Amino acid sequence: MNEQQRKDMSQIRQVNPEEATSDKNNLNRLKEKSSEDFMKYFETTYQPPNMRDAQRRKKKETDVHYDFTIPEDMDQSGKGKKYMIRTYGCQMNEHDTEVMAGIFEEMGYESTSDTKEADIILLNTCAIRENAENKVFGEIGHLKPLKMENPNLIIGVCGCMSQEESVVNRILKKHPFIDLIFGTHNIHRLPQLVKEAMFGKEMVIDVWSKEGDIIENLPRSRKGKIKAWVNIMYGCDKFCTYCIVPYTRGKERSRLPADIIQEVRHLAAQGYKEVTLLGQNVNAYGKDLDLEYGLGDLMDELRSIDIPRVRFTTSHPRDFDDRLIEVLSKGGNMLDHIHLPVQSGNTDVLKIMGRKYSREEYLELVKRIRKSMPDATLTTDIIVGFPNETEEQFQDTLSLVEEVGFEAAYTFIYSPRENTPAAKMKDNVSMEEKKDRLQRLNKLVNEQSAEAMKQYEGEIVHVLVEGESKNNEEVLAGYTKRNKLVNFRAPRSSIGQIVPVKITKAKTWSLDGEMVEASVEVK
Ligand code: 5AD
Ligand code: SF4
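Residues numbered from 1 in each chain as written. Chains lettered and ligands numbered in written order. Predicted model: local features only at pLDDT ≥ 70, side-chain atom pairs only at ≥ 80, totals over all residues. Heavy atoms only, no water.

> Would you explain the overall build of the protein in this entry?
Looking only at helices and strands, the protein has 16 helices and 21 strands in total. Across the 523 residues that make up the protein, the buried fraction comes to 56%. Of the contacts made within the protein by residues no fewer than 6 positions apart, 75% connect residues no fewer than 24 positions apart. Carbon and sulfur atoms make up 46% of the accessible area of the protein, which amounts to about 23900 Å² in all. (Helix = DSSP H or I, 4+ residues; strand = E, 2+ residues; numbered from the N terminus. Buried < 20%, exposed > 50% of the residue type's maximum accessible area, 1.4 Å probe, protein only. Contact = heavy atoms within 4.5 Å. Areas by Shrake-Rupley, 256 points an atom, 1.4 Å probe, with all protein chains shown as cover.)

> Any chance you could explain the site of ligand 2 here in plain terms?
In the vicinity of ligand 2, the residues found are C236, K238, F239, C240, Y242, C243, V245, P246, H316 and R355. Per-class residue counts for the shell around ligand 2 are 7 nonpolar, 1 polar and 2 charged. (Near = heavy atom within 4 Å. Nonpolar A, V, L, I, M, F, W, Y, C, P; charged D, E, K, R; others polar.)

> I'm lost on the pattern of salt bridges in this one. Help?
Note on pairing: side chains with opposite charge can pair once their charged atoms come close. Evaluation of the coordinates by the stated rule reveals 37 salt bridges. A salt bridge links R323 to D297; its shortest N-O distance comes to 2.9 Å. Highlighted residues: R323 in helix α12 (residues 322-328) and D297 in helix α11 (residues 295-303), separated in sequence by 26 residues. For R368, the salt bridge is made with D322, and the minimal N-O distance between the two is 2.5 Å. (Salt bridge = Lys/Arg side-chain N within 4 Å of Asp/Glu carboxyl O.)

> What exactly am I supposed to notice about the site of ligand 1 here?
Neighbouring ligand 1 are the residues I128, R129, Y242, Q343, D381, I383, F412, I413, Y414, S415 and R417. Backbone polar atom of Y242 to a nitrogen atom of ligand 1: 3.0 Å apart, as the coordinates give it. A distance of 2.8 Å is found between a nitrogen atom of ligand 1 and a backbone nitrogen or oxygen belonging to S415. Taking 400 Å² as the accessible area of ligand 1 by itself, protein coverage stands at 86%. Mapped by element, the contributors of at least two residues to the shell around ligand 1 are β15 (377-384) and β16 (408-413). Here the residues of the shell around ligand 1 sort into 6 nonpolar, 2 polar and 3 charged. (Polar contact = N/O pair within 3.5 Å; in protein donor to acceptor, adjacent residues only side chain to side chain.)

> Explain a nonpolar patch on the surface to me, please; I cannot follow it from the model alone.
Where nonpolar side chains cluster on the molecular surface, the patch consists of V64, Y66, L256 and L291 and spans about 330 Å² of accessible area. Its place among the elements puts Y66 in the loop between β1 (63-65) and β2 (82-87). (Patch = residues over 30% accessible without salt bridge, like charges linked within 9 Å, V, L, I, M, F, W, Y side chains within 5 Å.)

> What should I look at first to understand the side chain of N346 in this one?
Tracing the sequence through the fold places N346 in the loop between β14 (337-339) and α13 (347-353). For N346, a relative accessible area of 9% puts it in the buried group. Within the local environment of N346, its side chain forms a polar contact with the backbone nitrogen of D348, the two atoms lying 2.9 Å apart. Not counting chain neighbours up to four residues away, the residues in contact with N346 comprise Q393 and D396.

> Any chance you could explain helix α5 (residues 91-106) here in plain terms?
Think of an α-helix as turning once every 3.6 residues; residues three or four places apart then point the same way. Between its first and last C-alpha atoms α5 spans 23 Å; for 16 residues at 1.5 Å apiece the expected length is 22 Å, and the two agree. Inspection of α5 places M92, N93, H95, D96, T97, E98, V99, M100, A101, G102, I103 and F104 among the buried residues, and these make up the whole buried set. Trailing α5 by a residue or two, G108 shows a phi angle of about 100°, which is positive. (Expected span 1.5 Å × (residues − 1).)

> What should I look at first to understand the UniProt feature "coiled-coil region" (unreviewed entry) in the protein in this one?
UniProt marks residues 428-455 with the feature "coiled-coil region" (unreviewed entry), using the numbering shown here. With 86% helix and 0% strand, the stretch residues 428-455 has end C-alpha atoms that lie 42 Å from each other. (UniProt positions renumbered as here; feature names shortened; annotations may be inferred.)

> How should unusual backbone geometry be read in this particular structure?
Among all residues save glycine, negative phi is the norm, and among peptide bonds the norm is trans. T313 connects to T314 through a cis peptide bond whose omega is 5°. Unusually for a residue other than glycine, N419 sits at a positive phi of about 75°. Among the structural elements, N419 can be located in the loop between β16 and α16 (431-454). Accessibility expressed as a relative area gives 45% for N419, which makes it partly exposed.

> How should the nonpolar core be read in this particular structure?
As a rule of thumb, nonpolar side chains are buried together in soluble globular proteins. The biggest cluster of nonpolar side chains holds 58 residues, and the ones touching the most others in it are L277, L295, L298, M299 and F320. If you count residues domain by domain, this core takes at least three from each of domain 2 (222-335) and domain 3 (343-353 + 361-367 + 375-452). Membership of the second largest hydrophobic core comes to 28 residues, among which are A127, V136, I140 and I181. (Core = buried A, V, L, I, M, F, W, Y, C linked by side-chain atoms within 4.5 Å. Domains from an automatic or database assignment.)

> How should I be thinking about the sheet that holds strand β12 (residues 274-278) in this particular structure?
Strand-to-strand pairing in sheets goes through backbone hydrogen bonds, with the strands running parallel or antiparallel. Judged by pairing direction, the sheet is parallel, and its 3 strands sit side by side in the order β9-β12-β13 without closing on themselves. The strands lining the two open edges of the sheet, one partner per strand, are β9 (227-231) and β13 (309-313). Each adjacent strand pair in this sheet contributes to an overall mean axis angle of 25°, direction not counted. Relative to β13, β12 runs parallel, the two sharing 5 bridges. The residue bridging T276 from the neighbouring strand is R311, located in β13. Of the strands in this sheet, β9 and β12 touch helix α10 (residues 257-269), which is tilted by about 170° from β9. (Pairing = 2+ DSSP bridges. Axes fitted to C-alpha atoms, helices over the stretch in contact; angles between N-to-C directions.)

Next comes the structure, spelled out in structure tokens:
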């Protein structure tokens, strides 16, 4: 670790001494001491710095509600009207949009993708990186003329950006034509909020930092009939130093196993072929429930449900345990694909990121997974250009990518997020250098992906057929159990089924093929 990074570490500690509660006295004493003392302190007693609200997080605060209804005065209030929701960001947001769509439809609204037709437009926003936020502010600007033309149009901003004070202030000051801002914990109040926005004169702002509740019986208007998302938990308590999610999504809280299992059973009965269990850190599932029940136990129960494919996203290496590996290796509807974000291949950088594992521990976990699941595809997330990342530290990331043999990776340039500990670090890496590192990393990942794809030429794989391919409507597309995208010719009747496809050509990110038997279902 270089001098600047040592300094950063000590700054992490000084971000919120007030919030470090029991560590406070230690910390004040350590402030006078050397970097080595900080390092020692960090390794032995460090607790991640929490923001004010986060500090109040306690277990067992979660209330579960089963009593959601549309208030009588808003029931069918959307008859003859249309809603449009534009979604940014991750699958959690996509799924929140399905919930909001479900609420709108219960109120009598119909959906539209045409802004000119809409009576209400919501932007479901993402805050993970600065460019995600810029896109939303750009879109807000585009919507202004529509509002000028039609003052009855309601425009709302929801999702992760709404949970940021600075964003709410910016909208108040610069975009006062926005009617409604609400946060990630307030979705179930949509009917009331729409009513207030319709009849009130002021901008309606409903953003809670309290996030203890789980509302179970919200309606959902799912986007497809083949694949479905199922929340298993909300929030994140990991507080990686670069990440805004623990602040925008609140504390970790798990749904009860019975509620999840019932939802998956229901989806199976409706004919869905794949469910993806969603959480910011699914490996922490159950830790807040006092049930001695984790993701491995949940997956084991889901194995016996008659649904061909069960996935989960996203994992944190720290909580990925042997029980889960054991269950995944049983096969059946468990898939041969694990997305395991590593973020960096250098132990010092991982430490400053607050990831709570070393390079060696990550590699050890990969070894255990490979031993039990030799066929599994591993994919990952990586951040380059974290403050003061050296060339050598970046080289460690490249060598880890090679050593693990990732077959795909989401790669990002570090983006400072307001009020996170990393955003306060001085950064001596230029944007030019960061872009160059990203390019070098992407080149390696592409090569590895292409190499993995090559091995499929001539093989028969089983593909869950999702529909037309993106670029050619005469070609169908779907994914294998190892998460490889396959484009192939087959009768349209195979959509929604799992069919055998012979691979004729490998590309960098996808495979081309031909279905080998007409409409045979293989599970
Ligand atoms: N800058 C860049 N990438 C980030 N991610 C999270 N926060 C940041 C940030 N501040 C990436 C991580 C995470 C993925 C969802 O987004 O790699 O795994
Ligand atoms: Fe963000 Fe994931 Fe870390 Fe949670 S575990 S703080 S969501 S990067």
